[in-house]
Amino acid sequence: MKLTIAWIGRTKEPAIQSLTDEYLKRLRRFADVQGKALKDESAVLKLCGRSAHPARHALVLLDGRGKQLSSEEFAQFLGNHQDRNPLPLLFAVGPADGFSAEIRREANLLLSLGKMTVAHELARVVLLEQLYRVFTILKGHPYHLGHSS
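If you're wondering where the values come from, they're calculated on a predicted model, not measured in any experiment.

### Quick notes on the sheet that holds strand S2 (residues 32–38)
Move 1: Spatially, the 5 strands line up as an open sheet ordered S2-S1-S4-S3-S5, and their pairing is parallel. Strands with a single pairing partner mark the edges of an open sheet, and in this sheet they are S2 and strand S5 (109–112). Neighbouring strand axes in the sheet, compared pairwise and without regard to direction, differ in orientation by 30° on average.
Move 2: Direction of pairing for strand S1 (residues 2–8) relative to S2: parallel, over a ladder of 7 bridges. Bridged to lysine 2 within S2 is aspartate 32.
Move 3: Across the sheet, helix H3 (residues 71–84) touches strand S3 (58–68), strand S4 (89–93) and S5, and the angle it forms with S4 is around 140°.

### So, the pattern of salt bridges
Move 1: Throughout the structure, instances matching the rule amount to 5 salt bridges.
Move 2: The partner of arginine 26 in a salt bridge is glutamate 22, with the nearest N and O atoms 3.0 Å apart. With arginine 26 and glutamate 22 both in helix H1 (residues 14–27), this residue pair falls 4 residues apart, about one helical turn.
Move 3: We note a salt bridge from arginine 133 to glutamate 129, for which the minimum N-O separation is 2.8 Å. Taken as a pair, arginine 133 and glutamate 129 lie in helix H5 (residues 120–139) at a separation of 4 residues, close to a single helical turn.
Move 4: The class for arginine 133 is buried, based on a relative accessible area of 7%.
Move 5: Owing to a relative accessible area of 13%, glutamate 129 belongs among the buried residues under this scheme.
Move 6: A cluster of three or more residues bridged by salt bridges with shared partners is formed by Asp63, Arg65 and Arg104.

The rules we used
- Residues numbered from 1 in each chain as written.
- Predicted model: local features only at pLDDT ≥ 70, side-chain atom pairs only at ≥ 80, totals over all residues.
- Heavy atoms only, no water.
- Pairing = 2+ DSSP bridges.
- Helix = DSSP H or I, 4+ residues; strand = E, 2+ residues; numbered from the N terminus.
- Axes fitted to C-alpha atoms, helices over the stretch in contact; angles between N-to-C directions.
- Contact = heavy atoms within 4.5 Å.
- Salt bridge = Lys/Arg side-chain N within 4 Å of Asp/Glu carboxyl O.
- Buried < 20%, exposed > 50% of the residue type's maximum accessible area, 1.4 Å probe, protein only.

Pasting the structure below:
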């Protein structure tokens, strides 16, 4: 499976970059994954190929108004996508003020990490950890077993 995790803006905190790098490394055990810092929303749309036909990626946006999934439901979504859709997934974390209505309409899925507001750089790390957890669930790895509630 191919995944791209993109975020808008430069990383300001070294700790966030360190965690980003760590989870990208862990994810590479399970998938062809890359992380990308992008300038703005139009760069996200260009990367996912929305102007090209057919599109080059299925787009998942992190959005506070999006669908909330448990880790198991997120694993089911990713597993179903892997089985049924040949397009690579592009997960995008927006800027501090969120995504515009225009790009949200282009998304295949709006995904919320929960009802609490989380700083966008921290949301990226939570997304990466959840993607790692999802792959451990799909592969039957024990990582998830000691952390589930």
